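Structure at a glance
Here's the letter readout for the chains.
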Amino acid sequence: MPTYEFRCRTCDDTFELQRPMSESSAPASCPGGHADTVKLLSMAGIGGTQQAPAGGGGCCGGGCCG
């Protein structure tokens with residue numbers, strides 16, 4: 001189940017909730033009981049560990065630039 005990160009606008013606390021994707025936009029109350037929260041954009045899972053190949057291909061990668 002995905003984890004979503006929220007921030008409370010009242011107490012400025014940041015917290016996480018696990019919920020189904022179908023409920024990703026549902027309102028969430030902070031642990032302090034405040035209802036004025038906003039869902040944060042999480043970068044977890046964006047990107048990866050794959051690296052671009054070194055050298056070769058293209059003008060700059062092939063060494064043809066003066």
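Whatever comes next refers back to the structure up there.
These remarks concern the structure in this document. Quick caveat, the model's predicted, so the values are computed rather than measured. (Residues numbered from 1 in each chain as written. Predicted model: local features only at pLDDT ≥ 70, side-chain atom pairs only at ≥ 80, totals over all residues. Heavy atoms only, no water.)

Let's shift gears to the overall build of the protein. Scanning the protein from N- to C-terminus turns up one helix and three strands. Sequence-ordered secondary structure for the protein, helices as α and strands as β, is β-β-β-α. Within the protein, the fraction of its 66 residues that count as buried is 14%. Of the roughly 5100 Å² of accessible surface on the protein, 52% is carried by carbon and sulfur atoms. (Helix = DSSP H or I, 4+ residues; strand = E, 2+ residues; numbered from the N terminus. Buried < 20%, exposed > 50% of the residue type's maximum accessible area, 1.4 Å probe, protein only. Areas by Shrake-Rupley, 256 points an atom, 1.4 Å probe, with all protein chains shown as cover.)

Its place among the elements puts S24 in the loop between β2 (14–18) and β3 (37–39). The contact partners of S24, leaving out residues within four places of it in the chain, are Y4, R19 and K39. (Contact = heavy atoms within 4.5 Å.)

Moving on: the pairing of β2. Consecutive side chains of a regular strand alternate in pointing toward one face of the sheet and then the other. Across five bridges, strand β1 (residues 3–8) lies against β2 in antiparallel orientation. Looking at the pairing, F6 lines up with F15 of β2. Taking the residues between adjacent antiparallel strands as the criterion, β1 and β2 are bridged by five residues, where D12 takes a positive phi near 65°. (Pairing = 2+ DSSP bridges.)

To continue, consider unusual backbone geometry. In this model, D12 sits at a positive phi of 65°, which is unusual for a non-glycine residue. Following the sequence through the fold, D12 ends up in the loop between β1 and β2.

Quick look at the pattern of salt bridges now. For the coordinates displayed, the defined rule picks out two salt bridges. Where R7 meets D12, a salt bridge forms, and the shortest distance between an N and an O atom there is 3.3 Å. A relative accessible area of 28% places R7 in the partly exposed class. A salt bridge links R9 to D36; its shortest N-O distance comes to 3.6 Å. Pair noted here: R9 is in the loop between β1 and β2 and D36 is in the loop between β2 and β3, with a separation of 27 residues, a long-range link. (Salt bridge = Lys/Arg side-chain N within 4 Å of Asp/Glu carboxyl O.)

Quick look at the nonpolar core now. Grouped together as the largest cluster of nonpolar side chains are six residues: Y4, F6, C8, F15, A28 and C30. For this core, the element with the highest residue contribution is β1, accounting for three residues. Apart from residues no more than four positions distant in its own chain, F6 is found in contact with D13, T14, F15, L17, R19, A26, A28, T37, V38, K39 and L40. (Core = buried A, V, L, I, M, F, W, Y, C linked by side-chain atoms within 4.5 Å.)

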